[in-house]
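Chain by chain, the residues:
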Amino acid sequence: MKKRNIYISQPSMGQEEWEALKEPIFSGWVTQGPKVKEFEQLFAERHKVKYAFAVTSCTTGLHLALAALDIQAGDEVIIPAFTWVATANVVLYCGATPVFVDIDPKTFNIDPAKVKEKVSEKTKAIIPVHLFGLCADIDAIKEAAPGIAIVEDAACAAGAGYKGKPAGSLGDMASFSFHPRKSITTGEGGMVTTNDDALAEKLNMLRNHGASISEEQRHHGPKPYILPAFEVMGYNYRMTDLQGALGVVQFGKLDQFIEERDKWAAFYKKELADLEWLQVPEFSVDYSHGWQSFACLIHEDKAPHSRNKIMELLQERGISTRPGTHAVHMLDYYANNFGFKPEDFPGAQIANDCSIAIPLHNKMSEEDYKYVVDVLKNEIK
Ligand SMILES: *Cc1c(COP(=O)(O)O)cnc(C)c1O
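Since the structure is predicted, the reported quantities are computational estimates derived from the model, not experimental observations. (Residues numbered from 1 in each chain as written. Predicted model: local features only at pLDDT ≥ 70, side-chain atom pairs only at ≥ 80, totals over all residues. Heavy atoms only, no water.)

Engineer: In this structure, what is going on with the UniProt feature "modified residue: N6-(pyridoxal phosphate)lysine" (unreviewed entry) in the chain? I would like to understand it.
Structural biologist: UniProt's entry tags Lys182 with the feature "modified residue: N6-(pyridoxal phosphate)lysine" (unreviewed entry), counted in the numbering of this structure. Positionally, lysine 182 belongs in the loop between β10 (173-177) and β11 (190-194). (UniProt positions renumbered as here; feature names shortened; annotations may be inferred. Helix = DSSP H or I, 4+ residues; strand = E, 2+ residues; numbered from the N terminus.)

As structure tokens, then:
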């Protein structure tokens, strides 16, 4: 049997990242400081937003965004049923109720046609997820839920675009992830973006224990006896400057990483087009994909084996794969506490059971990509 060892994902970092860490280490400034600020400015510029705030993860960033909207018990937040569990958990952190909407298994994103029926007078926000780096159809969502605040879950969507606009600039706020499974990484880390001045001020305070800095301090420099005022309850969701230093270097590679992934995604799509049992990502010219992963759907009625069996056969040949992600309503905690049945959201159920992400990352060689294609075409039968 042929064998190579291809990971589902691998961070691309090396000497430059290593060197970048020296500055905060030798300066002694290791918590949120100049490196975080530099990373935020670069990120805001690239995603065409007025503000970007670095945080400890996409999850804490989403929590901050909901807190900035004052989401609380009694409120409802609309989210897709097929996403990483964090999208739902952050709604519960606020004491609010997640309201699930089914997804379209062709895009794996929330189905805008199904959003309208879930909007109620309690709906305070909607969190469209740009899953795997493909933006949700924000215009259709805005039409289905007019006036409802939009918080993009842009965890997978650094550098992605929709109708000529970058992810992160499409709603009221957005949260990105720098977990190692995403295209650029700071170990753990996230970034919240917004164009709204008032929300920006809240995000900035809430991520730093609720501390507001007085105008006097801002303009005349700190006096040792003045502590910031604490008018709201906040959190400590600050990114370290060690991560900020990594982020600056990784950010510099973002567009090159995506370009390379885009090239190999096109190769996969061309080479795998004949496999009628494998649905590869399809999207219109309105979208530019961020390629966090290359997620496909296995049509089990046409496939030689079940999704799980195919994953095993690939693993035996050294090719790591993963289910795209999970249907949150099918996870024990949500099924048990909310009484969901798998068939309540059939699109999400299919995606849960039949999606497969195949390796696509910046540590792969041409031989690796050709090997994956060869095995899928010639050894899965
Ligand atoms: C990765 C991911 C998250 C969580 O990001 P963290 O930075 O690990 O908190 C949330 N939503 C989606 C869709 C993700 O893929």
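Engineer: Just checking my understanding: could you explain the domain arrangement of the chain for this structure?
Structural biologist: Size of an interface: often given as the accessible area lost when the parts come together. Along its sequence, the chain is organised into domain 1 (15-251) and domain 2 (254-378). Relative placement of domain 1 and domain 2: their C-alpha centres are 26 Å apart. Listed per partner, the contact involves 39 residues of domain 1 and 37 residues of domain 2. Note on domain 1 versus domain 2: buried area summed over both sides is about 3300 Å², and carbon and sulfur give 63% of it. Summed over the three residues of domain 1 that lose the most area to domain 2, namely Phe82, Phe100 and Phe132, the buried surface amounts to 20% of that side. The residue arginine 46 makes a salt bridge to aspartate 255 at a minimum N-O spacing of 3.0 Å. (Domains from an automatic or database assignment. Contact = heavy atoms within 4.5 Å. Buried area = accessible area lost by both parts, 1.4 Å probe. Salt bridge = Lys/Arg side-chain N within 4 Å of Asp/Glu carboxyl O.)

Engineer: Explanation requested: the UniProt feature "active site" (unreviewed entry) in the chain in the structure shown.
Structural biologist: In this numbering, the UniProt entry assigns the feature "active site" (unreviewed entry) to Lys182. Setting aside residues no more than four positions away along its own chain, lysine 182 makes contact with Ala155, Cys156, Ser177 and Gln292.

Engineer: I tried to follow the side chain of serine 183 on my own but got confused; where do I start?
Structural biologist: Here serine 183 shows up in the loop between β10 and β11. Setting aside residues up to four positions removed in sequence, serine 183 forms contacts with Ala158, Gln250, Leu254, Phe257 and Arg261.

Engineer: I tried to follow the sheet that holds strand β9 (residues 165-166) on my own but got confused; where do I start?
Structural biologist: Within a sheet, adjacent strands bond to each other through the backbone by hydrogen bonds, running parallel or antiparallel. The three strands are arranged β9-β8-β15 in an open sheet whose pairing can be described as antiparallel. Strands at the two margins of the open sheet, each flanked by one partner only, are β9 and β15 (287-288). Pairing of strand β8 (residues 161-162) with β15, which is carried by two bridges, proceeds in the antiparallel orientation. Each bridged residue has a counterpart across the sheet, and for glycine 161 the counterpart in β15 is serine 288. (Pairing = 2+ DSSP bridges.)

Engineer: For this particular structure, what's the right way to read the packing of aromatic side chains?
Structural biologist: How two aromatic rings sit relative to each other is given by the distance of their centres and the angle of their planes. In the structure shown here, the tally under the stated rule is 24 aromatic pairs. With a centroid separation of 5.6 Å and an interplanar angle of 80°, the aromatic rings of phenylalanine 43 and phenylalanine 178 are classed as edge-to-face. Within this pair, whereas phenylalanine 43 is found in helix α2 (residues 34-46), its partner phenylalanine 178 is found in the loop between β10 and β11, the two being separated by 135 residues in sequence. Phenylalanine 178 carries the same exposure label as phenylalanine 43, and that label is buried. Consider the rings of phenylalanine 108 and phenylalanine 132, whose centres lie 5.5 Å apart with planes at 90°: the pair is edge-to-face. Here the residue phenylalanine 108 occupies a position in the loop between β4 (103-104) and β5 (109-110), and phenylalanine 132 occupies one in the loop between β6 (123-126) and α5 (138-144), the gap between them amounting to 24 residues. The burial state of phenylalanine 108 is the same as that of phenylalanine 132; both residues are buried. (Phe/Tyr/Trp six-rings, centres within 6.5 Å; stacked < 30°, edge-to-face > 60°. Buried < 20%, exposed > 50% of the residue type's maximum accessible area, 1.4 Å probe, protein only.)

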